[in-house]
Every structure is written in C-alpha cells, then in structure tokens.
Amino acid sequence: MRSLSISLLSLTLTLLVVANAYYQKKQFYPSVVYITKSNPSMAVIYIQAFICVWITGKIMRKIFFGQLRTTEFEHLMERSWYAVTETCLAFTVFRDDFNPKFVAVFTLLLFLKSFHWLAEDRVDYMERSPVISWLFHLRILSLLLLLGCLDLHFIQHAYLSTVTKGASVQLVFGFEYAILLTVVINIAIKYGLHSVDLNSETPWDNKAVFLLYTELVMGLIKVILYFAFVAIMVRIYTLPLFAFRPMYYTIRNFKKAFSDVILSRRAIHNMNTLYPDASPEELQAADNVCIICREEMTTASKKLPCNHIFHTACLRSWFQRQQTCPTCRLNILRNPTNNNTRPAAAAAPPRPPQAAPFMNPFFAGQNPFQMFQPPNMDNQAPQQPRPAENGGEQNGAPPPQPQPGANMPPFVFPPFPFMPFLPPPPMPPQNFASLSTEELQRMEGNERENVEARILCLKNIQMLLDAAVVMMQQYSTTVLLSNQVPTTSSNATTPPPNLFSTNNASWSNSQGQSETPRVAKVAPTTNVQSNSSSENGEGSSSDVFDKPTTSKEGPSLDASQVSQEEEIRRRRLQKFEQQTESE
Amino acid sequence: MAGSALRRLMAEYKQLTLNPPEGIIAGPINEENFFEWEALITGPEGTCFEGGVFPAKLVFPPDYPLSPPKMQFTCEMFHPNIYSDGRVCISILHAPGDDPMGYESSAERWSPVQSVEKILLSVVSMLAEPNDESGANVDAAKMWRENRIEFNKIAEKIVRRTLGIPT
C-alpha cells in the first residue's frame with residue numbers, strides 16, 4: 001500500500017516536472033535541456049528512475065519466483081545491505097569516474113545480483129519442498145538461462161572495453177559478473193542434481209557427494225578469481241576494500257567445503273573398510289528401520305561395532321559431522337578393531353576356568369601360562385592348609401597374575417597406539433598381510449605413550465617368564481615329592497595339556513570352598529574329590545576328576561605308576577572327547 | 001525422491017498424528033513448508049505449570065536430522081531453562097561441539113536418533129523439573145531455588161494467560 005502511494009507520488013512529481021518544463025519551453029529539446037540543468041528536477045527524475053527499477057524488479061520477481069518466502073526475503077534484504085555498503089566503498093575507489101551512468105551500471109549489477117541470490121535460495125529450497133510443479137522448473141530454467149546470458153554479455157563487454165580503452169571501472173564489473181557466472185553455473189549444477197534426485201524413485205545416495213565436489217570446485221574457482229582480482233586492483237588502483245568481505249566468505253566456504261570433502265572421504269573409507277554389511281537376518285532381528293531417516297532398510301546398510309545398523313548413506317552423512325554411533329555414541333574412530341576382541345577381552349582377565357572352554361585363537365595365546373597355573377595350585381594344596389590355596393586360587397596363580405592392560409596380546413605384538421592402558425589392547429590380526437602399510441604404521445606409533453606401553457609390555461613379558469621359571473621349579477619339586485607321597489602324585493603329574501580337568505577341578509574346588517567352609521584337611525585330594533562329586537552332581541567336572549583319584553589307590557612303584565598315568569591320560573582324553581561331543 | 005530431511009519430517013509428522021503422545025500436539029504450520037512446525041505443550045500435572053497450554057515454534061535446519069532444530073516458545077514463559085525471548089535451552093537441542101553453558105556432556109546432546117517427539121517430551125519434563133544449574137533465565141533460576149512460592153505464583157499467572165483467563 002505504502003509502496004503504491006510512493007510510486008504514485010513519484011509519478012505525479014515527475015509528470016509535474018515534465019509538464020512544467022514543457023510549459024516553460026514549449027518544445028521538446030529545450031525542455032529536456034531545462035530538466036537536466038535544474039537540480040531539483042533531476043532529483044525527481046532520479047527518484048522516478050529508482051522507482052522504475054524497483055517496479056521492474058517486482059515484476060520480474062513475480063514472473064520468476066512468484067511469492068517470496070519469508071526466509072528468502074530476509075536473506076535478500078540482508079545481502080542487499082551488504083552489497084549497497086560495498087558499492088559505496090567501490091565508489092570511493094572510482095570517484096573520478098563517478099557519473100550517472102556509473103551509478104546506473106552499479107544499480108544494474110545489484111539488481112542482477114539479487115536475482116542470483118534468489119535463484120540460489122530457490123534451488124536450495126527444492127530439496128525441502130514436498131511439491132515441485134512444472135512451473136517451478138520452467139521458472140528456474142528460464143531464469144538461469146537469462147542470468148547466464150546477461151552475465152556472459154557483461155563479461156564480454158567488460159573485456160572488450162578493458163582491451164580497447166585500458167583498465168577502468170569495467171574491470172570491477174567484469175570481475176563481478178565472472179563471479180556471478182560461477183554462481184549461475186553452481187546453481188545450474190545443483191538444480192540438475194536435485195531434479196535427477198526428484199525424478200528417481202529411490203533415494204540417490206551419491207547426490208551428497210556430487211554436491212560436495214561441486215561446492216569444492218566452484219569454491220576453488222571463486223577463490224582464484226578473488227585473488228586475481230585483488231592482485232590486479234592492487235597493481236592498478238588501490239586495495240579493493242569492498243571485495244574483502246565477499247572474499248573472506250568465499251575463502252571460508254571453500255575451506256569448509258574442503259574439510260567436508262576430507263571428512264566425507266574418511267567416513268566413506270571407514271564405512272567401506274571397517275564395517276560389515278548387515279545381513280538380511282540381522283535386519284530382520286532389528287526392527288528394520290534406519291533410525292536416522294526413519295525408513296525401511298532394504299539394502300545398503302552397515303553394522304557398527306556396537307551392533308547398531310543404519311543405512312550406509314545416512315551413516316555416511318552423519319560421520320561427516322561426527323565419528324560416533326548415533327545410538328550409543330561409541331566413538332568409532334578410537335577402536336576400529338576392538339569389536340572382535342571385546343567379548344574375549346572381557347572374559348579373559350577374571351577366571352581361567354570359565355575362559356578355557358572357548359577355544360578361539362585369542363585364548364590359544366593365553367593358554368601357555370594357564371597351563372602352569374593348575375599344577376601350581378594343586379601343588380600348593382597338599383602342602384599348605386586350605387586358606388593359602390584358596391587365596392592363591394581366587395587371585396589366580398600369584399606370579400602370572402597380569403594387570404588387565406598387560407594382557408596376552410602384547411606378548412607378541414606392539415600395543416595399539418590409542419589405548420596403551422585400559423581396556424585391553426585389541427588383538428592384532430593373525431598375519432599382517434591384511435593390513436595396509438598405513439595401518440601398520442599407525443599401529444606401531446612412535447609417540448611417548450606408545451613407547452611407554454611397549455616398555456610396560458616387555459616388563460610384563462619378563463615377569464611372566466620369571467613366573468614360568470618359578471612354576472617350573474615348583475613343578476619339579478612336586479614331582480620329586482610325588483615320588484615319595486603317592487596320594488599327590490596323580491594331581492601333580494597331571495599332564496599339562498589336559499588343563500580342562502584341572503581347571504574344572506579347581507573350579508569345583510573353589511565352589512566347594514565357598515559353599516562349605518571347612519577346616520584344614522588332611523587328605524586334600526580325596527576331600528576335593530568327594531566335595532566336587534557331591535556338590536557337582538552333573539558329570540562333567542566330577543567325572544573327569546574321578547579318574548585321577550582312582551589312581552591313588554595304585555601302588556607307588558615308579559614304572560607301574562608311569563604306565564598307569566599313561567592309561568589315565570588316555571582315558572581322560574577319551575572322556576573329554578565324549579564330553580565335547582555330547583555337548 | 002524428495003530430500004532426506006523432508007522425508008524424515010514427513011515420517012515424524014505421520015507418526016505424531018497417528019500416535020500422538022499425551023499432552024503434545026505438533027505439526028507443520030503450513031503443509032507447503034515442513035521445516036517450520038508449531039507445537040502445543042500442556043503443562044505437566046502436579047507442577048506449577050499444570051493446566052497451561054504453551055505454544056512453541058520449531059524450526060528445522062535443512063540438514064535435519066544431522067543438526068538439531070531450534071525451539072522457541074511463542075508465549076510468555078518464566079522458567080530457568082527458557083530464555084526470556086522463549087528459546088528453549090536443553091541439552092538435546094545442542095549439537096555436540098556447541099555448548100552454550102559449558103557443562104553438558106556429549107552423551108545428552110543431539111543425535112539423529114532424537115526426534116520431535118523426544119524433544120517435546122524432554123521439554124515437558126524440563127517444565128516439571130527445571131535444571132537450575134544452566135541459567136538460561138538467571139532470574140527464574142534464582143527464584144526457583146530461593147523463593148519457590150513466588151515462582152509458583154508467576155508460573156500460575158503465565159498458565160492463566162496462556163488459557164486466556166484474566167489474572
């Protein structure tokens with residue numbers, strides 16, 4: 001309403017001025033001269049021209065955009081103010097050229113700029129709008145075509161004028177239109193990508209990647225243009241202050257695009273190398289909805305180490321922001337290989353007897369020192385009263401008791417660089433062939449903490465070796481002892497590989513201990529046996545344990561004992577095999 | 001296919017319409033633009049905000065759900081965790097990395113798993129139990145801690161105002 005009244009007022013004023021001039025001079029030419037000579041009349045004419053531009057702008061906006069959205073309008077106003085300020089700054093540089101034509105050309109530039117911004121906003125909106133009509137496509141396409149042609153024309157004009165007449169303000173225009181042309185190209189590419197996506201039935205995962213690279217390339221071109229412009233301006237005129245703000249923003253955007261590309265690449269790399277594709281069964285087990293986009297997962301979904309499943313594309317765009325699991329916030333970059341060792345590591349430190357039945361490679365590494373444990377305990381049992389044995393057992397065998405951080409894998413491999421202490425270092429793969437050179441290097445690490453961890457690890461190895469030596473000594477003394485005391489012989493000479501029986505024994509032993517506190521025992525082995533068989537009704541442990549005790553009744557002759565032991569061992573193995581089969 | 005943010009917002013809108021949680025109504029202001037929602041929250045029972053119906057506006061970023069939406073009450077509010085202009089300050093509305101108050105752990109921040117429904121439920125529980133350690137509105141936080149009776153009076157006045165009852 002207000003704008004309408006202002007335009008009407010201006011129109012009346014102009015008519016008045018023209019009428020007045022014509023009334024005074026009677027002829028066309030003298031009246032024109034009169035108007036141009038009179039400052040007040042010229043002011044009115046300028047205002048009228050400005051309003052004409054304004055109205056043209058409104059009409060064009062109506063044609064190409066229809067109703068503007070609030071955010072679009074806000075963007076437009078904000079950017080216009082900056083542009084006007086910068087234009088004023090530019091005037092100061094070219095004050096010698098200052099004339100109405102110059103102002104007109106600058107106004108035209110601003111005018112076109114605002115349409116570029118609007119087009120940009122509108123194309124961005126494509127992705128967020130539920131309905132895109134054919135009118136929208138028509139408008140955007142024609143607008144882009146028009147803007148592109150105008151930009152090209154003005155660049156050409158600026159180029160020709162600079163070449164023929166030497167450097168002038170046309171340099172600035174040429175440069176500004178070149179920037180605008182990149183904007184048009186950028187919008188066109190985005191528009192193309194969005195429309196392809198809109199027309200496809202399934203979500204197009206790679207669109208984000210294309211957009212990212214478009215942004216990067218366009219950013220690079222713009223940055224180069226700005227630098228070239230500033231360099232030329234500094235050489236010919238002076239520092240172009242008016243170009244600094246857009247230049248700063250362009251550089252910032254380029255930097256952001258660059259880091260986005262890097263993060264995205266890293267995320268894609270992680271996705272492809274570290275996480276397995278989710279199988280259909282796993283998808284069924286979960287409720288089959290990707291929690292990021294709330295859509296069904298049919299294909300292309302990945303499983304994270306924490307067992308949460310997402311769409312590959314959703315996960316990728318999230319990983320560009322953050323490298324955590326969206327559901328449980330597990331930091332996926334910190335422990336990429338931890339997933340396979342985690343359950344094992346959790347089970348490893350506390351109780352060897354529980355751990356023993358799993359025969360996975362991880363425990364194969366652990367076994368060597370576990371084997372020494374049972375003889376050690378059994379050897380303590382006969383000689384010492386119950387409490388000592390109990391203590392020794394609950395902490396595991398005293399000497400090889402490892403700290404959690406110094407668990408088995410460090411035996412052979414350098415520790416993983418990211419976590420020298422808790423939790424246990426992840427188990428490196430069996431052979432290093434599957435790892436890339438880069439991964440190997442990362443694994444080795446050479447920061448202080450890595451070196452410290454390595455030293456710690458070596459110390460642990462030394463400790464374990466010492467423990468082994470001590471145990472060997474104890475073992476040999478027990479053997480010596482068993483030759484004299486027949487009752488302990490069977491236990492003490494239990495062949496090391498057969499650790500299941502001994503483990504079970506010690507386990508049932510500890511159970512018995514905890515359930516029925518007893519006074520010091522006289523004949524430990526029988527005691528243990530009766531205890532385990534009575535309290536552990538299920539055959540596994542008591543049966544296996546039964547065998548050695550029967551041997552105790554046998555004579556203590558060395559030769560017969562050896563053969564008997566052989567026999568026992570064979571029977572035990574048999575038993576064990578049956579057991580495992582039945583299980 | 002439309003953009004993923006749009007599809008997700010549509011899915012959430014559908015979900016909220018089919019199974020509306022108690023005491024919460026939310027939906028786009030205009031079905032042409034799914035990135036601005038209006039929500040009505042009823043004050044939780046047994047609190048000083050009981051009975052009130054509080055209108056709020058939710059503005060979603062183009063990359064939702066990777067970034068959190070912004071929420072702002074459009075009525076007058078007096079609450080330790082609501083700025084005087086109505087903006088809501090709760091941790092699940094902050095992306096990890098930006099922490100206006102400097103105390104939130106990343107575990108309670110925004111993640112794509114969150115949703116409009118969860119945000120609104122969190123806001124309801126925030127109304128019931130303000131966190132006076134993050135003073136988005138310091139006056140309210142102070143009054144909540146030191147002069148609960150006065151706080152309740154103001155809250156009641158606001159409740160009446162939202163219902164259009166003269167105070």
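Position labels on residues start from 1 in each chain and follow its written sequence. Think of it this way: whatever chain is written first is A, whatever ligand is written first is 1, and the rest follow in order. Predicted model: local features are reported for residues with pLDDT of at least 70 only, side-chain atom pairs are reported and counted for 80 or more only, and whole-chain, interface and lining totals are derived from all residues. Side-chain descriptors were evaluated using all non-hydrogen atoms of the structure, hydrogens and water having been removed beforehand.

- The name recorded for chain B in an unreviewed UniProt entry is Ubiquitin-conjugating enzyme E2 G2, from Phyllotreta striolata.
- UniProt positions are given in the numbering used here, feature names are shortened, and annotations may be inferred rather than shown by experiment. UniProt annotates chain B under Sequence similarities (unreviewed entry) with the comment "Belongs to the ubiquitin-conjugating enzyme family."
- Its UniProt record gives chain B a comment under Catalytic activity (unreviewed entry), which states: "S-ubiquitinyl-[E1 ubiquitin-activating enzyme]-L-cysteine + [E2 ubiquitin-conjugating enzyme]-L-cysteine = [E1 ubiquitin-activating enzyme]-L-cysteine + S-ubiquitinyl-[E2 ubiquitin-conjugating enzyme]-L-cysteine."

- Under an unreviewed UniProt entry, the name given to chain A is RING-type E3 ubiquitin transferase, and the organism recorded is Phyllotreta striolata.
- Reading the Subcellular location (unreviewed entry) entry of the UniProt record for chain A gives the comment "Endoplasmic reticulum membrane".
- Under the Sequence similarities (unreviewed entry) heading, UniProt states for chain A: "Belongs to the HRD1 family."

### A closer look at the interface of chain A and chain B
Now for step 1: The contact criterion used throughout is that any non-hydrogen atoms of two residues lie within 4.5 Å. Taken together, the contacts link 25 residues of chain A with 28 residues of chain B.
Now for step 2: Interface area, chain A with chain B, both sides summed: about 2200 Å², of which 54% is carbon and sulfur.
Now for step 3: By convention in these notes, a salt bridge is any Lys or Arg side-chain nitrogen within 4 Å of a carboxyl oxygen on Asp or Glu. Run the count over chain A and chain B and you get 0 salt bridges.
Now for step 4: Pairing of N or O atoms within 3.5 Å defines a polar contact, subject to two protein rules: one partner must be a possible hydrogen donor and the other a possible acceptor, and residues neighboring in sequence count only if both atoms are side-chain atoms. Our enumeration of links across chain A and chain B arrives at 4 residue pairs in polar contact (both at pLDDT 80 or more).
Now for step 5: Secondary-structure elements contributing two or more residues to the side of chain A that touches chain B are helix H7 (170-199) and helix H11 (312-321) of chain A.
Now for step 6: Residue classes follow a fixed rule: Ala, Val, Leu, Ile, Met, Phe, Trp, Tyr, Cys and Pro count as nonpolar, while Asp, Glu, Lys and Arg count as charged, and any other residue, Gly among them, counts as polar. Grouping the amino acids of the side of chain A that touches chain B by side-chain chemistry returns 10 nonpolar, 7 polar and 8 charged. When two parts are put together, the accessible area they lose, computed with a 1.4 Å probe and summed over both, is reported as buried area. Helix and strand assignments come from DSSP, with helices taken as H or I runs of at least 4 residues and strands as E runs of at least 2, each series counted from the N terminus.

### Quick notes on the UniProt feature "active site" (unreviewed entry) in chain B
Now for step 1: Under the local residue numbering, the UniProt record ascribes the feature "active site" (unreviewed entry) to Cys89(B).
Now for step 2: With respect to the helices and strands, Cys89(B) occurs in the loop between strand E4 (70-73) and helix H2 (116-128).

### Brief notes about the side chain of Ser67(B)
Now for step 1: Residue placement: Ser67(B) occurs in the loop between strand E3 (53-59) and E4.
Now for step 2: Buried residues are those whose accessible area, probed at 1.4 Å on protein chains only, stays under 20% of the maximum for their type, while exposed residues exceed 50% and partly exposed ones sit between those limits. What makes Ser67(B) buried here is its relative accessible area of 16%.
Now for step 3: At 2.9 Å, the side chain of Ser67(B) forms a polar contact with the side chain of Asp63(B).
Now for step 4: In this view, Ser67(B) contacts Arg321(A), Pro61(B) and Trp110(B); residues no more than four positions away in its chain are not counted.

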